[in-house]
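Residue-level structural notes
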Amino acid sequence: MKFLDQAKVYIRSGDGGAGAVSFRREKFIEFGGPDGGDGGRGGDVWAEAVDGLNTLIDYRYQQHFKAQTGVHGMGRNRTGAGGSDVVLKVPVGTQIYEEDNETLICDLTRIGERYRLAKGGNGGFGNQHFKTSTNQAPRRANPGLEAEERTIWLRLKLIADAGLVGLPNAGKSTFLATVTAAKPKIADYPFTTLHPGLGVARVDAREFVIADIPGLIEGAHEGVGIGDRFLGHVERTRVLLHLVSAREEDVADAYETVRGELDAYGNGLDEKPEILALSQADTVDAETLAEKAAALEEVAGHAPMILSAATGQGVQNVLRALIANVETARAVETPPADDPRWQTE
């Protein structure tokens, strides 16, 4: 299935139904009078985070969503039926923006969260509401209120505990395939990974989610290579695993290139806890590996972990370091405050 993480859609709630003008006219009924019912309320448009979705591909084929109009009122004091709601089902982690694609409306981060994007119009009053002592046969009723309409952007940011960053061919996909059941494409050429991938890793009877994004190169924040568009998928992570390949001629430059792109992107990525690992350790001899580890330690300020996903060297140590950071971050996170605009099932 094609990965789609951004979509533009048009939504419209339902108009309210009109009130009715009606009179009771049965023969031999002494007290007749107005009996026009109220119109029904128009349907709302909701966004709901559901389980089982991991892409916005459904919104490539349908971009217009309209709730049902309320039914008009009828005689004999019958109120019209309310219009049906429309629910946009989206993956957990979806952010919804105004048409300018900058103003955030809501951020759905938990299964079952619902947010009303457009409110349906109220139904109009029937003529029974306008009866007075001086006007006992009113011949007017209110129309229903108009619907709300707007254009919105849906933007998906994957929910993961740890994110993998590094240059192309740093071994990110190989690491993901080794420690999880994910099956990313792996090949010996740059940008093998074209779309973000997720996998669940297990270590010491504990689980956490890892996100792998396409590799970064110098100038990615300006659109070079695949650019930094997919960096949004690691914004929510609690820790970053920065992989630097031992096959790089200058590991210090490779490290600084990626750090520079993270700093240029901002949005808190440059402040996240980082675990540095010298990957693909099986591709060089021990002496070269020691030299590159020392060079990496000098530029980063701390010793890198040694990792080879192909042979399993250092994999468990890296996983334990990741889960330690993840659990520390989980312990200090506070649940979001209740907001009456939201519904949580």
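Below is a short write-up of the structure. (Residues numbered from 1 in each chain as written. Predicted model: local features only at pLDDT ≥ 70, side-chain atom pairs only at ≥ 80, totals over all residues. Heavy atoms only, no water.)

Evaluation of the coordinates by the stated rule reveals 17 salt bridges. Put simply, R110 and E113 hold a salt bridge, and the shortest N to O gap is 2.9 Å. With a closest N to O distance of 2.8 Å, K157 and E235 form a salt bridge. Taken together, the residues span a long stretch of sequence, with K157 in the loop between strand 10 (149-156) and strand 11 (162-166) and E235 in the loop between strand 13 (206-212) and strand 14 (239-245) at a distance of 78 residues. Assigned by exposure class, K157 and E235 land together as buried. Here the salt bridges share partners, and the residues they tie into one network are D204, R206, R320 and E327. (Salt bridge = Lys/Arg side-chain N within 4 Å of Asp/Glu carboxyl O. Helix = DSSP H or I, 4+ residues; strand = E, 2+ residues; numbered from the N terminus. Buried < 20%, exposed > 50% of the residue type's maximum accessible area, 1.4 Å probe, protein only.)

Packed helix pairs are characterised by how far apart their axes lie and by the angle those axes make with each other. Two elements in contact, helix 3 (residues 251-265) and helix 4 (residues 286-300), have axes whose closest approach is 8 Å; the angle formed by their N-to-C orientations is 40 degrees. Put simply, helix 3 runs oblique to helix 4. Judged by the sense of rotation from one axis to the other, the crossing of helix 3 with helix 4 is right-handed. Seen from helix 3, the contacting residues are V251, A252, Y255 and E256; seen from helix 4, they are K292, A295, L296, V299 and A300. Classifying every residue of the contact of helix 3 with helix 4 by side-chain character gives 7 nonpolar, no polar and 2 charged. (Axes fitted to C-alpha atoms, helices over the stretch in contact; angles between N-to-C directions. Parallel < 35°, antiparallel > 145°, perpendicular 65-115°, else oblique. Left-handed = near helix turned anticlockwise from the far one by under 90°. Contact = heavy atoms within 4.5 Å. Nonpolar A, V, L, I, M, F, W, Y, C, P; charged D, E, K, R; others polar.)

This brings us to the sheet that holds strand 1 (residues 6-12). Taken in spatial order, the 5 strands make up an open sheet running 5-1-10-7-8, and their pairing is mixed. Taken across any chain shown, the strands that pair with only one partner, and hence form the sheet edges, are strand 5 (64-66) and strand 8 (104-108). Across this sheet, the average inter-strand angle for adjacent strands is 25 degrees, counted without regard to direction. Where strand 1 and strand 5 come together, 3 bridges link them in parallel fashion. Residue pairing across strands places R12 opposite K66, the latter belonging to strand 5. (Pairing = 2+ DSSP bridges.)

Strand pairs in the sheet, formed through backbone hydrogen bonds, run parallel or antiparallel to each other. Spatially, 6 strands are ordered 12-13-11-14-15-16 in an open sheet, and the strand pairing comes out mixed. Bordering the open sheet on either side are strand 12 (197-203) and strand 16 (305-306), each of which pairs with just one other strand. Note: strand 11 against strand 13, 3 bridges, orientation parallel. Following the sheet pairing, G163 is matched in strand 13 by A211.

Glancing now at the packing of aromatic side chains. Taken as a whole and assessed by the stated rule, the structure comprises 1 aromatic pair. A cation sits over an aromatic face here: R114 above W46, 4.6 Å from the ring centre. A cation sits over an aromatic face here: R140 above F130, 4.0 Å from the ring centre. (Phe/Tyr/Trp six-rings, centres within 6.5 Å; stacked < 30°, edge-to-face > 60°. Lys NZ or Arg CZ within 6 Å of the ring centre and 35° of its normal.)

For helix 3, with 15 residues, the first-to-last C-alpha span of 22 Å sits near the 21 Å given by 1.5 Å per residue. Within helix 3, the full set of buried residues consists of V251, A252, A254, Y255, T257, V258, R259, E261, L262 and Y265. Against strand 11, strand 14, strand 15 (274-279) and helix 4 lie the buried residues of helix 3. Where helix 3 starts, the residue carrying a side-chain oxygen 3.2 Å from the main-chain nitrogen of A252 turns out to be D250. Just downstream of helix 3, G266 is the residue with a positive phi angle, here 70 degrees. (Expected span 1.5 Å × (residues − 1). Polar contact = N/O pair within 3.5 Å; in protein donor to acceptor, adjacent residues only side chain to side chain.)

The next point concerns helix 2 (residues 172-179). For helix 2, the complete set of buried residues consists of K172, S173, F175, L176 and V179. Down the axis, helix 2 shows its buried residues gathered within 160 degrees of arc, on one side only. (Arc of directions from axis to C-beta.)

All right, on to the pairing of strand 12 then. Across 7 bridges, the pairing between strand 12 and strand 13 is antiparallel. Within the sheet, the bridge partner assigned to L198 lies in strand 13 and is A211. Between strand 12 and strand 13, which follow one another and run antiparallel, lie 2 residues, and D204 among them has a positive phi close to 50 degrees.

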